[in-house]
Amino acid sequence: MGAAAHPGVVCVIIAAKNARATIARAVSSALAEVAVGEVVVVDDGSTDDTAALARSVDDGTDRLQVLHLPRNLGPAAARNRGIRASSAPYITVLDADDYWLPGRLQTLLAEMKDHDFVADDLLRVVEGREDEPPATLTGGALTLPADISLADFALANVSRKGRDRQELGFLKPVMRRAFLQDHNLAYDETLRLGEDYVLYAQALARGARFRLIPACGYVAVERAASISGSHGAAELGPYAKASRALLDEPGLSPKERAALAGHARQVRSKLHFQKVLAVRRRRGMAPALGVMIGDPLGAAYVLSQALAARLARWRTRRSMAEAAY
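None of these values were measured; they are calculated from a predicted model.

Calculation rules
- Residues numbered from 1 in each chain as written.
- Predicted model: local features only at pLDDT ≥ 70, side-chain atom pairs only at ≥ 80, totals over all residues.
- Heavy atoms only, no water.
- Salt bridge = Lys/Arg side-chain N within 4 Å of Asp/Glu carboxyl O.
- Helix = DSSP H or I, 4+ residues; strand = E, 2+ residues; numbered from the N terminus.
- Buried < 20%, exposed > 50% of the residue type's maximum accessible area, 1.4 Å probe, protein only.
- Expected span 1.5 Å × (residues − 1).
- Core = buried A, V, L, I, M, F, W, Y, C linked by side-chain atoms within 4.5 Å.
- Contact = heavy atoms within 4.5 Å.
- Polar contact = N/O pair within 3.5 Å; in protein donor to acceptor, adjacent residues only side chain to side chain.
- Pairing = 2+ DSSP bridges.
- Axes fitted to C-alpha atoms, helices over the stretch in contact; angles between N-to-C directions.
- Phe/Tyr/Trp six-rings, centres within 6.5 Å; stacked < 30°, edge-to-face > 60°.
- Lys NZ or Arg CZ within 6 Å of the ring centre and 35° of its normal.

## Side note on the pattern of salt bridges
Scanning the entire structure with this criterion turns up 18 salt bridges. The residue Arg79 makes a salt bridge to Glu195 at a minimum N-O spacing of 3.6 Å. Residue Arg79 is found in helix α3 (residues 75–84), and its partner Glu195 is found in helix α7 (residues 195–205); the two are separated by 116 residues along the sequence. In this pair, the class of Arg79 matches that of Glu195, namely buried. Note that Glu249 is salt-bridged to Arg206, the shortest N-O span being 2.9 Å. Placement of the pair is Glu249 in the loop between α9 (233–245) and α10 (254–283) and Arg206 in the loop between α7 and β11 (210–213), with a sequence separation of 43 residues. Linked by salt bridges that have partners in common, Arg79, Asp95, Lys172, Glu195 and Asp196 make up one network.

Right, here's the structure in full:
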């Protein structure tokens, strides 16, 4: 059955680099959904057999397309290539090391009538321990289902004392293609970190109706080696710039502007922290202190992170001592 004849209305974009261990699982879980009309795997400059393994689970319905980029361009650029190569009225992203549980898309599509973006809370598992009970992204901090405003979205991605971030930028919603096209929206290809946050924030600033529902089947596999878990100044620099640029969106309310500014400040502080660490590794403590005090806001963040790390080490030593006793 050709792709044009398939009843599915969703295109699934999977950007993949050297994902041979997980790509077959991701593709298979997408093809298992009857609502899927297209699966576009974008092999982003892999040096292994990611593309071949993606093709190996093709189910013969002519829904799978595998594109190859000769060099690594990053997830934002790879996703944009996949979107341009597809035509289904709805688009969603599946990371190459994640997978779906059966029936997820049908649940999301049931909410799409009055919305432009519909996401479900993520089920988070640790690589190698996927059989353990998952945690959710929001940790029960939000009452779901809920319509998410721009201010709520931005603030949920900001750390506060005594409260973990909900990291709503990690969500993988079903998106209405017509909305993206009408508002000239695409992933920012300068980014290798935070590209989802920036796209969703831009969409909300331009009037997107964004619904978040309880978890219904996106399993996010956490890896220590992922960019989101091991980023540095090279990734945070462009992200800080893009986060700040969101303040230029027209028509922002004072509440929206304050929320976006708070997020931009936190990203800038993280960038400053990484710069201090890099100088300390290369040149020692004294030059690092000079860099740190050059940005008072960043210095406060550096000190808070250093204190948190020291407290964590103290708690670990105390726990070990109690266990030994």
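## Some remarks on α9
Its 13 residues give α9 an end-to-end C-alpha distance of 18 Å, which sits within 8% of 18 Å, the value for a rise of 1.5 Å per residue. When α9 is considered as a whole, its buried residues turn out to be Leu236, Tyr239, Ala240, Ala242 and Ser243.

## Side note on unusual backbone geometry
Working note: non-glycine residues mostly have negative phi, and peptide bonds are mostly trans. In this structure, Pro145 follows Leu144 across a cis peptide bond, with omega equal to 5°. Of note in this structure, Asn18 is not a glycine but carries a positive phi near 45°. As for its position among the elements, Asn18 is in the loop between β1 (10–16) and α1 (23–31). Judged by its relative accessible area of 35%, Asn18 falls in the partly exposed class. For Asn184, which is not glycine, the phi torsion reads 55° and is therefore positive. Looking at the secondary structure, you find Asn184 in the loop between α6 (177–182) and α7.

## Some details on the nonpolar core
Val12, Ile14, Ile23, Val39, Val41 and Phe117 are the most contacted members of the largest nonpolar core, which totals 86 residues. Beyond its immediate stretch of four places on either side in the chain, Val12 contacts Ala30, Val36, Glu38, Val39, Val40, Thr92, Leu94 and Trp100. Within the second largest apolar cluster, 5 residues are counted, among which are Tyr99, Leu123, Val125 and Val221.

## With respect to the side chain of Lys172
If you trace the backbone, Lys172 turns up in the loop between α5 (150–156) and β10 (174–176). Here the side chain of Lys172 touches Phe170 through a polar contact of 3.0 Å, landing on its backbone oxygen. Look past the residues within four positions of Lys172 in its chain and what remains in contact with it is Arg79, Thr92, Val93, Asp95, Arg104, Leu122, Asp196, Tyr200 and Tyr218.

## Quick notes on the sheet that holds strand β8 (residues 135–136)
Spatial strand order, β5-β12-β7-β8: 4 strands in an open sheet with mixed pairing. Of all the strands in the sheet, just β5 (99–100) and β8 have a single pairing partner and so form its edges. Relative to β8, strand β7 (residues 123–126) runs antiparallel, the two being bridged by 2 bridges. The partner of Leu123 across the bridge, within β8, is Thr136.

## Things to note about the sheet that holds β11
Strands sit in the order β3-β2-β1-β4-β10-β6-β11-β9 across an open sheet of 8 strands; the sheet is mixed. Every other strand in the sheet has two partners, leaving β3 (64–69) and β9 (146–148) as the edge strands with one partner each. Across the sheet, the mean angle from the axis of one strand to that of its neighbour is 25°, orientation sign disregarded. The strands that α3 touches are β1, β2 (36–44), β3 and β4 (90–93); relative to β1, the one it contacts most, it runs at about 145°.

## Points about the packing of aromatic side chains
Aromatic rings in a pair are described by how distant their centres are and how their planes are angled relative to each other. Per the counting criterion, the structure on display carries 8 aromatic pairs. Judged by centre distance (5.9 Å) and plane angle (70°), the rings of Tyr200 and Phe210 are edge-to-face. One end of the pair, Tyr200, is in helix α7; the other, Phe210, is in strand β11, and 10 residues separate them in sequence. Comparing Tyr200 with Phe210, the two get one shared label, buried. Ring-pair connections join several aromatic residues into one group, and the members of that group are Phe117, Phe153, Phe179, Tyr197, Tyr200, Phe210 and Tyr239. Lying across the ring of Tyr187, Arg79 places its NZ or CZ 5.1 Å from the centre.

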